[in-house]
Structure formats: C-alpha cells, structure tokens
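Chains, contacts and geometry: an overview
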Amino acid sequence: MRAELSGVTVFTALLLSGLTVGSSFALPAPSNVTITCDSYGVVVAWTSSGLSENASFTLRLISNNPSPDIFINTSSHQCNISELLQDTGFNHYLVEVKARDGEYESPSADSKKFSFNLLQNADIHCNLTFPPVDLIPGERQLFFRFSNPLQVYRHTPALRNLTAAENLRYSVFNKEARTERTEYTNFIPQFECTPESKTCEGNVSFPEEQEEYCVELSGFIRQTKLEETKHLCYRGSLRPSVPIPIYLIPLFIFLACCALSLAFFLAKVINRKMKERSLSNLPGFLDKIPNLIKPLIPDPECVEKYLQVTPVTIIPNNDDISRSSSPPDPRPRYSFGQDDFRKEPEGGEVEENHTGPYGNGAEMSTGGLSSGYDRPHALIEISPGDTVDAYTTRRAL
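For clarity, every value in this text was computed on a predicted model and none was experimentally measured. (Residues numbered from 1 in each chain as written. Predicted model: local features only at pLDDT ≥ 70, side-chain atom pairs only at ≥ 80, totals over all residues. Heavy atoms only, no water.)

**With respect to the environment of Glu105**
Considering the arrangement of structural elements, one finds Glu105 in strand 7 (residues 104–105). For Glu105, a relative accessible area of 23% translates into the label partly exposed. For the pair Glu105 and Phe57, spaced 48 residues apart in the sequence, the C-alpha separation amounts to 9.3 Å. (Helix = DSSP H or I, 4+ residues; strand = E, 2+ residues; numbered from the N terminus. Buried < 20%, exposed > 50% of the residue type's maximum accessible area, 1.4 Å probe, protein only.)

Below, the structure written as structure tokens:
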C-alpha cells in the first residue's frame, strides 16, 4: 500500500513539473532573425506569431570578445544595434532574440554570426561601399578621383576606434585583370590614401588605343573591405591634346576685333544721332538753305616761294610839292624801307641821307603833316594808270 502511494506521489510531481515547464515555453520562438549591415550600421530584424499587443522582445548581443553580453528590450520587430558594437575591426557578433508576453517567455532564436573583419570566421561579412569615382582623361592615361572613405565613414561602426596610422589601401584593375573577388590574403595594394586627405587620386596608363577604357577599384581599411566598384568606363580618346592657349589666343583676338568693330559702329551711330538732334534744334527756315550750315572751304591759291620786289614810282601830293622849293627827285623809291644813298657826281665820298622813318626833323615838325595825317602820304602806282594814296616810310623828295 505504501509502495502504491509512493508511486502516485512521484507521478504527480513529475506531472506538475512538466506542466510548469510547458507553461514557461507556451510562446513560439521568433523566426527569420536576419542581420542587415552596410557602411553606416547594423540592423537586426525578426518575425513572430501568437503574441498579444503587449508582447516584448529581449535581445542578447554576444561577441567573441571576453566583455559581458549586452541585453536590449524592445517591442518592435527590429533593432539598430550599431551603437552597441565595439572593436568592430577585430570581433564577430551573434544576436539571440526571445519573445515575452506576460508571464510567458519563448525559446531564443539566434542570428547568423557577422563581422566587419574579413578574416573573422563569420557567416556574414559586412563591407563598406566604395564612394563614387570620377574619371578624368589624360594623355595615354586615365585619372580617377573619389572622396576619402576614411573621412566619409569616420563615425560609423565599421571604423570605430580607428587609429591615425591606418590608411586606405586600394588597387585599380582594368577589364583584363579583373578578378571575381578580391581576398585580403592575395590583395596587393597599388595606392594609399591617408586620413588627412579629403580626396584620393591616382591614374592608370593605357599605352594602346581602345574604344573604351574601363577600370574597377577595390580596397581595404584595416581588415574591412571596400566593395569593388562596378565597371567605370570612359569612351573617348586618350591621345595627347592640343594646349588650350592655342585655341584661346585666336578666340581672344577675334573677340577683340568684334569689340572694336562694335565700338566703331556705335560711335558712328551716336555721332549721326547727335548731328540729327543738333539740326532739329535749328530754326525752320534754315532747313531750306542747307548750304548755310556747311563749312566754307577756301579754294587753294598758288603762292610763289620766292617774292620778287619791283620798284614803284612815288608820286607826291600837290601840297608837298608846293611846300618844297626844290624839284622832285625822279629817282624811284622802294616801299620796303631800304636806305637811300646818294653819290657825288665827281665820284667823291658817299653821302648818306640820315633820315628817320618819317623824314628828318624839319619834315616831322612842319612839312607833310599839315594835311591832317600823322605820317607823310604819297600816291603809289599799283599798276599802269592805277594809283592809290598810301603812307610812306619817308617823305618823297
């Protein structure tokens, strides 16, 4: 009898413990736990069913680092865990997700292991996107330029705790040297870019002429890979180009000629407008006499280079003849003030007649000025039979 009671007691205890355990896992575990990582962070997402509106989820972040695990509570079906990742360049991570609804808790569902380090043993390797690349043609070579990823992704989880000595190492492949995947172990960098540079630049030579020139770029920062770019192609010629000044100098000369021609044309137009405006301001009767407003241009006259002086005969006035007791001297007088010299008939000394421009003193005081003139007058023959009354330099004899 005691043995039967003992067996019933054990069965009841086992039944109660099974009910207790079953009640604690009455919720189904989340499913489809996925990891999405890119250049700027990591997001965990999952699905669940059979939960009330008050259900919540508990996430546990596990890394190969000996640091303690990190727990997160959320009511959403996804969570950004970027800020919780430390030393991403050297670790890999795993996320466990449990559902909790009131007193009940579901079993955990695990994500795949992920890492930003290509050398870590992980199911998902998170890479960085290569920045956009600009291609610039040169002489038998193709230049490329892109923003420095060390600055673009400086504050992202992938480059957390990055040191100043860690640079970007990258290579450029043409179409023939393309590889399906660039592993870190066989990667041979051709170029480096330091964190201080805002842009990274380089060039690839193409000694042979081609229809198009295509390149691909790939690189690493620490052990974090930058994804290979797609085909970057340039269609055109890489032959040596003509220097720009050869085109600019003729262009500048042409523009200068055009500017001078335009200025000359505008000057003529303005001048014509000003003349028309000036003519419109003249009185109306002048419009019928256009010759009055034209400038008078004298006809050219022929003037002899050497002037010939001809003697003229001075005919004295009647008043002068009546006042003079001596007969008039038939010798000619010159109108250009030449000195009058007299010679003795016997060939003696030459007697110089010292008279002023208006005669001697006696003549200045009395003779020749009583007629009302301040200087002596005389009749000068200009042409045969044509005389004129004019001043003389001295009184006629």
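**Quick word on the pattern of salt bridges**
It is possible for side chains of opposite charge to pair when their charged atoms get near one another. The final tally for this structure, using the stated rule, is seven salt bridges. The residue Arg140 makes a salt bridge to Glu209 at a minimum N-O spacing of 3.1 Å. One end of the pair, Arg140, is in the loop between strand 11 (133–137) and strand 12 (141–147); the other, Glu209, is in the loop between strand 15 (199–205) and strand 16 (212–221), with 69 residues separating them in the sequence. A relative accessible area of 36% places Arg140 in the partly exposed class. (Salt bridge = Lys/Arg side-chain N within 4 Å of Asp/Glu carboxyl O.)

**Concerning the sheet that holds strand 1 (residues 31–38)**
Whether parallel or antiparallel, the strands of a sheet pair through hydrogen bonds between backbone atoms. Strand order in the open sheet formed by three strands is 1-2-5, with antiparallel pairing between adjacent strands. Two strands lie at the open edges of the sheet, namely strand 1 and strand 5 (78–80), each paired on one side alone. With strand direction ignored, the average angle separating the axes of adjacent strands in the sheet is 15°. Across three bridges, the pairing between strand 2 (residues 41–47) and strand 5 is antiparallel. Each bridged residue has a counterpart across the sheet, and for Val44 the counterpart in strand 5 is Cys79. (Pairing = 2+ DSSP bridges. Axes fitted to C-alpha atoms, helices over the stretch in contact; angles between N-to-C directions.)

**A closer look at the nonpolar core**
Core analysis: the largest hydrophobic core is formed by 47 residues, its most contacted members being Ile81 and Leu217. If we ignore the near neighbours within four places in the chain, the residues touching Leu217 are Phe130, Val133, Phe144, Phe146, Tyr170, Ser171, Val172, Glu227, Glu228, Thr229 and Leu232. (Core = buried A, V, L, I, M, F, W, Y, C linked by side-chain atoms within 4.5 Å. Contact = heavy atoms within 4.5 Å.)

**A look at the sheet that holds strand 11**
Ordered in space as 11-12-15, the three strands form an open sheet in which the pairing is antiparallel. In this open sheet, the two strands that pair with only one neighbour each are strand 11 and strand 15. Geometrically, the sheet is characterised by an average inter-axis angle of 20° between neighbouring strands, direction not taken into account. Bridge count for strand 11 against strand 12 is five bridges, and the pairing is antiparallel. Paired with Val133 across the strands is Phe146, a residue of strand 12.

**Here's the deal with the state of the cysteines**
With the rule as written, the count across this model stands at three disulfides. Across a sulfur-sulfur distance of 2.0 Å, Cys37 and Cys126 are joined as a disulfide pair. Taking the torsion about the S-S bond as the criterion, the Cys37 to Cys126 disulfide, at about -100°, is left-handed. Residue Cys37 is found in strand 1, and its partner Cys126 is found in the loop between strand 10 (124–125) and strand 11; the two are separated by 89 residues along the sequence. Judged by relative accessible area, Cys126 falls into the buried class, the value being 1%. Between the sulfur of Cys214 and that of Cys233 lies a disulfide, 1.9 Å long from S to S. Disulfide Cys214 to Cys233: torsion about the S-S bond roughly 110°, handedness right-handed. Separated by 19 residues along the polypeptide, Cys214 in strand 16 and Cys233 in strand 18 (residues 232–235) bring together distant segments of the chain. A residue is classified by how much of its surface remains accessible, and Cys214, at 5% relative accessible area, is buried. Residue classification places Cys233 among the partly exposed residues on the basis of a relative accessible area of 35%. If you count the bonded cysteines of the protein chain from the N-terminus, they pair up as 1-2, 3-4, 5-6. (Disulfide = S-S within 2.5 Å.)

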